[in-house]
Amino acid sequence: MSHSNESLLLIDGHSLAYRAFHALPVENFSTSTGQTTNAIYGFISMLINVLRDEAPSHVAVAFDLGRQTFRLEEYADYKAGRAKTPPEFHPQIDLIKDIVTAMGIRVVTKEGFEADDALATMSRLGTEAGAEVEVMSGDKDSFQLATDTVTILYPKRGVSDLNRMTPEAIEEKYGVTPANYRGLAALVGEKADNLPGVPGVGDKTAAKWLTAHGDLPGVLEHAEEIGGKVGEKLRDHIAEVERNYRLNRLLDDVDLGLSFDDLAWGEGDPTELSSLFDQLEFQALGRRLAAIFPDAAESEAETAPARETRIETVDVDGLLEKISAHDVLAVDSDARFELGHGEARVLAVSAEPGQAWVVDLAEAAASAIAALGSAFAQRSLILHSAKLQIKAWDSIGLKVRDIGGDTALAAYLLVPDARSYELGQIAADRAGIDLSEPEADSGQLALELDSDATSTTHGQRAAALLEVHEVLAQAVDDANMTEVYRAIELPLVPVLAMMELRGIAVDESGLSELIEEFTKQAEASAQEAYDAIGHEVNLGSPKQLQTVLFDELDMPKTKRTKTGYTTDADALAELFVKTEHPFLQHLQAYRDSTKLKQTVVGLLKTVADDGRIHTTYQQTVAATGRLSSLDPNLQNIPVRTESGRRIREIFIADPEVKGGCLLTADYSQIEMRIMAHLSGDAALIQAFKDGEDLHSYVGSKVFGVGIDEVDSEMRSKVKAMSYGLVYGLSAYGLSRQLAIGVDEAKALMEQYFERFGAVKDYLDEIVEQARAKGYTETIMGRRRYLPALHSDRRQLRDMAERAALNAPIQGSAADIMKLAMLKVAGRLEDLESPMLLQVHDEIIVDVRPDELDEVSAIVTEEMGSAYELDVPLDVNVGTGISWHAAAH
DNA sequence: GCTACAGCCA
DNA sequence: ACGTGGCTGTAGCT
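Residues numbered from 1 in each chain as written. Chains lettered and ligands numbered in written order. Predicted model: local features only at pLDDT ≥ 70, side-chain atom pairs only at ≥ 80, totals over all residues. Heavy atoms only, no water.

### Some points on the protein's contact with DNA strand C
What surrounds DNA strand C is a group of 35 residues, the closest being Ser541, Asp631, Asn633, Ser730 and Arg802. By atom count, sugar and phosphate contribute 69% of the portion of DNA strand C lying within 4 Å of the protein. One of the side-chain N or O atoms of Lys543 is found 3.2 Å from a phosphate oxygen in DNA strand C. Contributions of two or more residues to the surface near DNA strand C are made by α23 (542–552), β22 (628–630), α30 (712–726), α31 (731–738) and α34 (794–828). The element that contributes the greatest number of residues to the surface near DNA strand C is α34, accounting for four residues. Taken together, the residues of the surface near DNA strand C sort by class into 11 nonpolar, 18 polar and six charged. (Near = heavy atom within 4 Å. Polar contact = N/O pair within 3.5 Å; in protein donor to acceptor, adjacent residues only side chain to side chain. Helix = DSSP H or I, 4+ residues; strand = E, 2+ residues; numbered from the N terminus. Nonpolar A, V, L, I, M, F, W, Y, C, P; charged D, E, K, R; others polar.)

Structure follows, in structure tokens:
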């Protein structure tokens, strides 16, 4: 009997349920009767996805049965030291087994063996029957099973993404064949199973040895010839390695009493399945299941009408013709962008809900792509995460400079502190569209269905976009955020895209020199630290440092953390005052240098082929409305210390332009100005209008002295106080920061509020209003919802109150900066000087030599007039060859 | 792969 | 418990 068209899916139930249990928060998953369901939900969700994607003919889920395995018999400490499984976990396993069985899938367990052994055995059965086999397991030991016909599906992170580990993928990642993976694991060891390997040997070393000597027995035979410290360690640990090698072999000849045919995916029991899902209160999951298992969720049929998406594959000319009559288009693609270079192949366009055209951009001529760009330019484009799309398309010549809507941005404005803004989630939540669902009968409806799953995916996304955006745009309008959306966030997208595409030039050899220098400093400090205590210790390990400080040196205990006592910089400084132990200074010096080194190493890794660093701005991350920057983060480049500032010297003006320079322009005290404006405090407003030194002015009022009599100590107290207010600082916090008594801090705050009474009224009012309305608002009407203001948990409520104090101020500053960037970008369009970076209250422009005066004037004018407050907006401008030199 | 800690920025 | 908003690296654990 031939099974050549058959495929077998094997799943390690225990390891994946365990992952799901930890990936999904327990508190969000329980039924009205108190049954915890996070592991069930996560596992079944994952199962549905993989069944949908792989469509296997045969399936089995294996579970461990009890703890007593042959491995435990050989090695009493096998898997010892594992944290005890929380009590909520095991009851869920039984329910998972029930559901799996009701789905017509074989559940396999075998006393005395682990799930992995059952998987190995069934994998052999499948292979012998000529089937394609896929093994889904969270245990890396399964890698040894990979062959040309056996692929391991290994969960990437959480439970949603799977890595397809083919023999090639395993070789690429670990440098060894699947057959040798066992040997590699034996050498490196497995912490989760309490199987220590050879100390100091990681994947790289193990792979080197295995390659040199063929396999693990070969390595052990030639152990004598392996030099260095690691060779010695290997010889010292041969017994452990041999033990690991015996224990991590998966047995493929366990007597399961099953044949391949017994694993066929059967009909199951739809009635039972429905009842289980009802009992567990799974609704969305029931609908997703219905897609692959039509009988299972009949009752849900009317709440989730089957959606039809007509997807048609066309070439660019065909697409141009199709879209000619449409003004609004939804577009999605498989956009990617890394290290300054983007890619996109599959482009899906939709002009009405439920319909999409898909083109393969890789097969399109440059002229066709240019024509597509022109057609797009005349239409309003609705996208999801438009900036990524624009950047990826730019790399292949498809230039888009304007967008009509972005579902991610709209969803962000509506819920600015959501965990993610994935289209699937938004579509399901806002428009009841389930994008994870495959098409019912799509084969009949599609005129020319592309077999490639990617084109279906992007086609369905594009087809859903118009409807999803419609709903979101209405909600944005209902929340009075249309201006923020259409006049700020949307037009900012192409501006940011251009900044990211351009990137900032760096001096690579300068970076390398800094690494060398900081490394030397770190090594010297580490040595001095070791000398001070008489032995070596991992200075990067807070845990080991605690042993040194509090056990060996018997220093007084610092502030508690969850896992012990803090060793942070403030605590080290305090300890030094008390003990004067030199170790503390060397440790701090070590930390300073390694931190700088890491920063520079991180930067060097991100330099693209064009010698420039292209950061990515996140427009939907900060709950207040700020941008954030990542890969690398260019918004936290050191500036406070002299050595830190040297890192800013390597960010330079475009070296291709002779005589150019960088220009930095920043707002001075923008948050305090916004506080003055929003509170309407007459004294504070007057201070800004008079152009007084703010902190000296406030100091003179608070301490009742002349402005010239405010000494530096008074000034710094008041400065800390002013900034602290914006963040909801307490008297206790102020006392800690200024190292003064709580009473003194309290008195200081009272004095402050006596002089600036409107500020206090305003701060009180913000919280009160937020409590009543449920959200705070910025000057542009950007909202932040704070339901925790009503929490009965004190700590959560306090945090929400501080967030409420800060959000309108930080958020209004973000609004103003975004408005300024739009104006500056608009006026720089006709010049050759591009804007490169934004760091919250600062922008950096690469200035062509003949444009310096004009750019300087533009930036000052536009930033200064971006938004009219009751106080002036002061802008400082500086220029220089590097970011450091341009500081002022 | 996750959390905790530490530390950099506005 | 005690100041907001971010990102990244290492250690130590699953």
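### Some details on the environment of Glu114
Note that Glu114 resides in the loop between β3 (106–108) and α5 (115–128). On the basis of relative accessible area, Glu114 is assigned to the buried category, the value being 10%. Between the C-alpha atom of Glu114 and that of Phe70, which follows or precedes it by 44 residues, the distance is 9.0 Å. Not counting residues up to four positions away in its chain, the partners in contact with Glu114 are Asp64, Thr69, Arg71, Tyr78 and Lys79. (Buried < 20%, exposed > 50% of the residue type's maximum accessible area, 1.4 Å probe, protein only. Contact = heavy atoms within 4.5 Å.)

### So, the nonpolar core
Judged by nonpolar contacts, the single largest core of 154 residues is most densely connected at Leu347, Phe376, Trp393, Phe651, Tyr667 and Met863. Here the element with the most residues in this core is α34; it accounts for 12 residues. Among all residues touching Leu347, those that are not within four sequence positions of it are Leu319, Val331, Asp332, Ser333, Trp357, Val358, Val359, Leu361, Leu372, Phe376 and Trp393. Listed in part, the 49 residues of the second largest apolar core include Leu119, Val135, Leu250 and Leu258. (Core = buried A, V, L, I, M, F, W, Y, C linked by side-chain atoms within 4.5 Å.)

### Looking at unusual backbone geometry
With an omega of 0°, the peptide bond running from Asp631 to Pro632 counts as cis. Position of Pro632 among the secondary structure elements: in the loop between β22 and α26 (642–648). Positive phi outside glycine occurs at His840, with the angle close to 65°. Position of His840 relative to the elements: it lies in the loop between β27 (835–838) and β28 (842–847). Accessibility expressed as a relative area gives 24% for His840, which makes it partly exposed.

### Focus: the pairing of strand β4 (residues 132–136)
Counting buried residues along β4, four of its five residues qualify, which places the element largely inside the surrounding structure. Bridge count between strand β1 (residues 7–12) and β4: five bridges; the pairing is parallel. Within β4, the position partnered with Leu9 by the bridge is Glu134. Relative to strand β5 (residues 150–155), β4 runs parallel, the two being bridged by four bridges. (Pairing = 2+ DSSP bridges.)

### Considerations on the sheet that holds β1
Here six strands make up an open sheet; going across it, the order is β3-β2-β1-β4-β5-β6 and the pairing mixed. A single partner strand is all that each edge strand has here, and the edge strands are β3 and β6 (162–165). When the angles between neighbouring strand axes are averaged without regard to direction, this sheet yields 20°. (Axes fitted to C-alpha atoms, helices over the stretch in contact; angles between N-to-C directions.)

### Here we look at the packing of α30 against α31
Contact geometry for α30 and α31: axes closest at 11 Å, N-to-C directions at 140°. Taken together, the axis directions place α30 and α31 in an arrangement best described as oblique. Regarding α30 and α31, the two cross each other, and that crossing is right-handed. Counted together, Ser716, Lys717, Ala720 and Met721 of α30 and Leu734, Gln737 and Leu738 of α31 form the full contact between these two elements. Tallied by class, residues from the contact of α30 with α31 come to four nonpolar, two polar and one charged. (Parallel < 35°, antiparallel > 145°, perpendicular 65-115°, else oblique. Left-handed = near helix turned anticlockwise from the far one by under 90°.)

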